[in-house]
Amino acid sequence: MAHAATHDHHDHHGAPSNFFVRWCMSTNHKDIGTLYLVFALVMFFIGGSFAMVIRAELFKPGLQLVQPYFFNQMTTMHALVMIFGAVMPAFVGLGNWMIPLMIGAPDMALPRMNNLSFWIMPFAFALLLSTLFSAGGAPAGGWTMYPPLALQGGSVAQMVFAIHLMGISSIMGAINIIATILNMRAPGMDLLKMPVFVWSWLITAFLLIAVMPVLAGAVTMLLTDKYFGTSFFNAAGGGDPVLYQHIFWFFGHPEVYIMILPAFGIISEIIPTFARKPIFGYKAMVFAIASIAFLSFIVWAHHMFAVGLPLGAEVFFMYATMLIAVPTGVKVFNWVSTMWGGSMTFETPMLFAIAFVILFTIGGFSGLMLALAPADFQYHDTYFVVAHFHYVLVTGAVFSIIAATYYWLPKWTGRMYSEFWGKMHFWNSVIWVNVLFFPQHFLGLAGMPRRIPDYNVAFANFNMISSIGGFLFGASQLIFVGVLIHAVWGSKKKATDRVWEGAKGLEWTVPSPAPFHTFEVPPVINDEELAHGHVDH
Amino acid sequence: MGQQQGAYFVPTKSSWPFVAAVVMFTTMFGASHWLSAQPSDTSFGKTVLTIGIVGVLAMFFGWFRSVIRESLAGNYNDQVDRSFRMGMLWFIFSEVMFFGAFFGALFYARMFAVPWLSGEGHGVLTNQFLYPSYTGGWGAAGGNGPAHIGGNFETVTAWGLPLLNTLILLTSSVTVTIAHHALKSAHRGRVLVFLGLTVLLGALFLYCQAHEYMEAYKELNLTLHSGVYGSTFFMLTGFHGLHVTLGTIMLAVIWFRVLKGHFTKEHHFGFEAVAWYWHFVDVVWLGLFMFVYIL
Ligand code: HEM
Ligand SMILES: [Cu+2]
């Protein structure tokens, strides 16, 4: 009886057939997850096309294709679209799809809010992207929006309100994830039995709720400084532009961890599967994520070493930043130890995961170099920084998203993707991404500033190499789209429920494709079947 | 087949979230076009903004009405109740962080920006080259910066209206707690009285705050333009006032729901959520009273 009363029988068995009803009114975590992932993919290509403009302009010294002001719009919009439109929604989409499946929950805790979180995003980006066609042009002061520069261009209000919308979406999404993980786990799924991916999202969601409102505050002050005559960032009125940087980076540094912690979670799922061994040091992995998250709140000023901080602040933020290398090192060590002595196979997800471990570590090392305050005076605002964050974000966050897509795609669609074309995608990506970004280290060390459409002829060769790498990396992603289309509509090869021989965890116990509703009755948890084997408490 | 074996509640499809996204977009779109338009043609933006705000209000009304119906139909089991609670608590946490950004700006301006501009610490050269005559200070003494933006002003004294407002909010926290206890012991009459008192106290607070603003603008020449002092003063108290307004409206809605008998002594999450929110608004005020008015 209670069963009947608490269920809605109309959508008990399958997806509704009406297109609008299914996608716009959804309360289903799988459909909403799909929406997020498709949205992220579209944004990935929009942001990518901006990057192509940037690399085309930088192909040769001198002004080639676009006006400097438009070039600045491209760098700004590229970053905003990639961060808030591609990487973050992709992780939320993966969380939506997988967290309920991994903890044995029927759905997210607050399904309607989930739908709202998603639907805000296309509108927010419509608002932001519409500025490209407006008279004043799109925001052009950089994604960091430093005043007074950012206040001088057009479309400040559109940018601020778009960020407010994205923030609202992120906060609601994060609240939902926390409530789901804390409240919806199947009986027996103790916190320390949860897959590392779920842990990483729990902590990421906390970071999101803690810092997105701070970003909202920062951009609100920008808005009032521009339109309502306040003086937060105006020295003549007793304010300080550096204050903006403090508030922004108090958000900004945790934000970069928001974009990498779920990636850590994904890699910690994939490597054990293809090494056929439980993750090495499960608890250490969880604690490492938690301590990285904690430290991320006390390192923000490493983005501001060159701005004229008091000496004590330089020293504090330098050491605090370097401390992060410790838990990060623990993670890299544990991934390697998981593979050590495993019987490994190298399917596409594993290839991307291994590339992640190697290339993310390179990004971590360049981060460590940047963390040295005296040295950062040289590197700051050069291409060295650009190389650093693209190693952590592209070969880190984006590679993990691609790896996750290959890994879970058979579970979502019920069909296998083409392993051949997956590998083609991998080798092209991994080669060209290094051609694209590795030379940028040298450019930066030699002093080439970032966010500039023209440069000294001395930098010509490396820039041309980098641009060639960029075009080919961009083109390689078309292979990805081809693989996806084929896997969703063309592939004849059915996936088994377990999909991967070494896969463990609840998500592999449901059929492939995962039915519209799963775990309406909580599953029985068998410790031996969990991804990280038996954990003693 | 029962609750214990885990019959979950997954809500039905709803068009409210989509509607909410549309009206939020309309509001933001309108607001941004209003702000960025030439002063002579703001009417498009204003019109869209108005439509958006009306839409948001209608959306809240419609969405909450359907939620209340479901709640009254007994659809929400304990698990759903827990999810709602967590949702509300984390929402309040996010609000705390939002205020944190503005408090941070206040502390920074006062402790660092203004002293540095007046030549303290490593600000010696800035002061000598840019603002040699600026001597700093907070409040009326120099809180509007070296350029004296907004002209001379005086500050609001803490021991007048702000003190009264502190007492009002503290009292209202007590009355809402009494109402909560009354609800738990099922004394509906007492709930209505004390909850009603809380609403009135909230409205009184807002009245005093409006009065204070008028005085600030008309008599003290303390405005939003009064340099960083005016910026932090009005943004902090303004956002707080906005939250009190919202809280008062929510309390009033809850009062009507009590009147209609929507709550039982076991099930009254709606009441508790609003009470938490009210306490949060109260605590923020104490921070304001301390750091904006007294110190
Ligand atoms: C070992 C860990 C890391 C260290 C020590 C580190 C250190 C730094 C430092 C010192 C800077 C400022 C450089 C400058 O502007 O002069 C920086 C910039 C940046 N880092 Fe990292 N980082 C680390 C990991 C990461 C991760 C994991 C991400 C993202 C997934 C990331 C993303 C970024 C971004 C986006 C910027 C540039 C922001 C901008 O100015 O636009 N970093 N990093
Ligand atoms: Cu950082």
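The rules behind the values
- Residues numbered from 1 in each chain as written.
- Chains lettered and ligands numbered in written order.
- Predicted model: local features only at pLDDT ≥ 70, side-chain atom pairs only at ≥ 80, totals over all residues.
- Heavy atoms only, no water.
- Helix = DSSP H or I, 4+ residues; strand = E, 2+ residues; numbered from the N terminus.
- Buried < 20%, exposed > 50% of the residue type's maximum accessible area, 1.4 Å probe, protein only.
- Contact = heavy atoms within 4.5 Å.
- Areas by Shrake-Rupley, 256 points an atom, 1.4 Å probe, with all protein chains shown as cover.
- Buried area = accessible area lost by both parts, 1.4 Å probe.
- Salt bridge = Lys/Arg side-chain N within 4 Å of Asp/Glu carboxyl O.
- Polar contact = N/O pair within 3.5 Å; in protein donor to acceptor, adjacent residues only side chain to side chain.
- Nonpolar A, V, L, I, M, F, W, Y, C, P; charged D, E, K, R; others polar.
- Near = heavy atom within 4 Å.
- Donors = N, O, S within 2.8 Å, 3.2 Å for Na, K, Ca; no water.
- Core = buried A, V, L, I, M, F, W, Y, C linked by side-chain atoms within 4.5 Å.
- Phe/Tyr/Trp six-rings, centres within 6.5 Å; stacked < 30°, edge-to-face > 60°.
- Expected span 1.5 Å × (residues − 1).
- Axes fitted to C-alpha atoms, helices over the stretch in contact; angles between N-to-C directions.
- Parallel < 35°, antiparallel > 145°, perpendicular 65-115°, else oblique.
- Left-handed = near helix turned anticlockwise from the far one by under 90°.
- pLDDT = per-residue confidence, 0-100.
- Patch = residues over 30% accessible without salt bridge, like charges linked within 9 Å, V, L, I, M, F, W, Y side chains within 5 Å.
- Lys, Arg positive; Asp, Glu negative; His and termini not counted.

A. Expanded view of the overall build of chain A. When its secondary structure is counted, chain A shows 18 helices and zero strands. With the C-alpha coordinates of chain A rotated into their principal frame, the extents come out at 70 × 50 × 45 Å. Per-residue burial for chain A yields a buried fraction of 66% across its 537 residues. Look at the contacts in chain A between residues 6 or more apart in sequence, and 83% of them connect residues 24 or more apart. By element, 73% of the accessible surface of chain A is carried by carbon and sulfur atoms, the whole surface being about 17900 Å².

B. Local environment of the interface of chain A and chain B. The interface is formed by 76 residues belonging to chain A together with 69 residues belonging to chain B. Note on chain A versus chain B: buried area summed over both sides is about 6200 Å², and carbon and sulfur give 73% of it. Between the two partners, chain A and chain B, sit one salt bridge. Across the chain A-chain B interface, the total number found is 13 residue pairs in polar contact (both at pLDDT 80 or more). Mapped by element, the contributors of at least two residues to the side of chain A that touches chain B are α1 (2–6), α2 (19–24), α5 (111–130), α7 (156–183), α8 (196–227) and α9 (241–258) of chain A. Partitioning the side of chain A that touches chain B into residue classes produces 48 nonpolar, 22 polar and six charged.

C. Inspection of the site of ligand 1 at higher detail. Residue and element names in this part refer to chain A. Around ligand 1, 22 residues are found, and the nearest of them are Trp143, Asp376, His380, His388 and Arg450. Within the side chain of Asp376, a nitrogen or oxygen atom sits 2.6 Å from an oxygen atom of ligand 1. Taking Arg450, its side chain carries an N or O atom lying 2.8 Å from an oxygen atom of ligand 1. Mapped onto the shell around ligand 1, the elements with two or more residues apiece are α9, α14 (348–371) and α16 (383–413). When residues in the shell around ligand 1 are grouped by element, the largest group, six residues, is from α14. In the shell around ligand 1, the residues fall into 13 nonpolar, seven polar and two charged.

D. Fine view of the coordination of the iron atom of ligand 1. Residues and elements named next belong to chain A. Coordination of the iron atom of ligand 1 by the protein involves just one donor, His388 (NE2), at a distance of 2.1 Å. A distance of 4.5 Å spans the gap from the iron atom of ligand 1 to the copper ion (ligand 2). You can see His388 is positioned in helix α16.

E. Geometry of the coordination of the copper ion (ligand 2). Residues and elements named next belong to chain A. For the copper ion (ligand 2), every protein donor is listed as His253 (ND1), His302 (NE2) and His303 (NE2), and the spread of their distances is 1.8 to 2.0 Å. Positions of the donor residues of the copper ion (ligand 2) along the chain correspond to the pattern H-x48-H-H. Residue His253 is classed as buried on the basis of its relative accessible area, which comes to 5%.

F. The arrangement of the nonpolar core in detail. Residues Phe84, Phe125, Met145, Leu261, Trp335 and Trp408 of chain A together with Phe271 of chain B are the most contacted members of the largest nonpolar core, which totals 283 residues. Non-local contacts of Leu261 of chain A, meaning those with residues more than four positions away in its chain, are made with Ser200, Ile203, Thr204, Leu207, Ile289, Ile292 and Ala293 of chain A.

G. How the structure looks around the packing of aromatic side chains. Residues and elements named next belong to chain B. Considering all chains together, one arrives at 83 aromatic pairs over all chains under this definition. With centroids separated by 6.2 Å and ring planes inclined at 35 degrees, the aromatic side chains of Phe103 and Phe107 adopt a geometry described as tilted. Remark: Phe107 and Phe103 occur in helix α3 (residues 78–117); sequence separation between them is four residues, near one turn of the helix. A relative accessible area of 13% places Phe103 in the buried class.

H. Region of the structure containing helix α10 (residues 261–275) of chain A. Residue and element names in this part refer to chain A. For α10, spanning 15 residues, the distance from its first C-alpha to its last is 21 Å, which sits close to the expected 21 Å at 1.5 Å a residue. Most of α10 sits inside the fold, with 15 of its 15 residues counted as buried. Immediately beyond the C-terminal end of α10, within one or two residues, lies Arg276, with a positive phi of roughly 55 degrees.

I. Spotlight on the packing of helix α6 (residues 188–220) of chain B against helix α7 (residues 227–259) of chain B. All names here are of chain B. Taken N-terminus to C-terminus, the directions of α6 and α7 make an angle of 155 degrees; their axes are 9 Å apart at the nearest point. Here α6 is positioned roughly antiparallel relative to α7, judged by the angle of their axes. Between α6 and α7 lies a crossing of left-handed hand. Its residues placed into classes, the contact of α6 with α7 shows 19 nonpolar, ten polar and two charged.

J. Structural context of the confidence of the model for chain A. Chain-level statistics for chain A give a pLDDT mean of 94 and a share of 96% at 70 or above. Every residue in residues 1–12 of chain A is under pLDDT 50, and counting partners more than four places away or in other chains gives 20 contacts.

K. Quick look at α6 of chain B. With 33 residues, α6 of chain B should cover 48 Å at 1.5 Å per step; its first-to-last C-alpha distance of 46 Å lies within 8% of that length. Once α6 of chain B finishes, Asn221 of chain B follows within two positions and takes phi at roughly 55 degrees, a positive value.

L. Quick look at the environment of Thr223 of chain B. Locating Thr223 of chain B in the fold gives a position in the loop between α6 and α7. Those residues in contact with Thr223 of chain B that sit more than four places away from it in its chain are Tyr217, Gly230 and Phe234 of chain B.

M. A look at a nonpolar patch on the surface. Residue and element names in this part refer to chain B. Taken together, the side chains of Phe107, Met111, Phe112, Trp159, Met290, Phe291, Ile294 and Leu295 present a nonpolar region at the surface, about 810 Å² in accessible area. Looking at the nonpolar patch, the elements that each hand over two or more residues are α3 and α8 (269–294). Assignment of secondary structure puts Phe112 in helix α3.

N. Structural detail: the side chain of Arg257 of chain B. Residues and elements named next belong to chain B. Looking at the element boundaries, Arg257 is found in helix α7. Buried within the structure, Arg257 lacks any salt-bridge partner; Asp81 is the closest side chain of opposite charge, at an N-O distance of 10 Å. Discounting chain neighbours no more than four positions away, the residues touching Arg257 are Ile68, His262 and Phe263.

O. Examining the pattern of salt bridges more closely. Residues and elements named next belong to chain A. On inspection of all chains with the given rule, the structure shows nine salt bridges over all chains. Here Glu501 ties to Arg276 by a salt bridge, and the two come within 2.7 Å at their closest N and O atoms. Pair noted here: Glu501 is in the segment after α18 (460–490) and Arg276 is in the loop between α10 and α11 (282–295), with a separation of 225 residues, a long-range link. A relative accessible area of 27% places Arg276 in the partly exposed class. Across the salt bridge formed by Lys423 and Glu419, the nearest N and O atoms sit 3.5 Å from each other. Of this pair, Lys423 and Glu419 both sit in helix α17 (residues 419–445), separated by four residues, roughly a single helical turn. Take Lys423: its relative accessible area is 29%, and that puts it in the partly exposed class. Overlapping salt bridges bring together Asp190, Lys193 and Asp527 as one network.

P. Summary view of the packing of helix α1 (residues 16–36) of chain B against helix α2 (residues 43–72) of chain B. Residues and elements named next belong to chain B. At a minimum axis separation of 7 Å, α1 and α2 run at an interaxial angle of 155 degrees. It follows that α1 is roughly antiparallel to α2 by the angle criterion. For the pair α1 and α2, the crossing hand works out as left-handed. Broken down by class, the residue content of the contact of α1 with α2 amounts to 17 nonpolar, nine polar and one charged.

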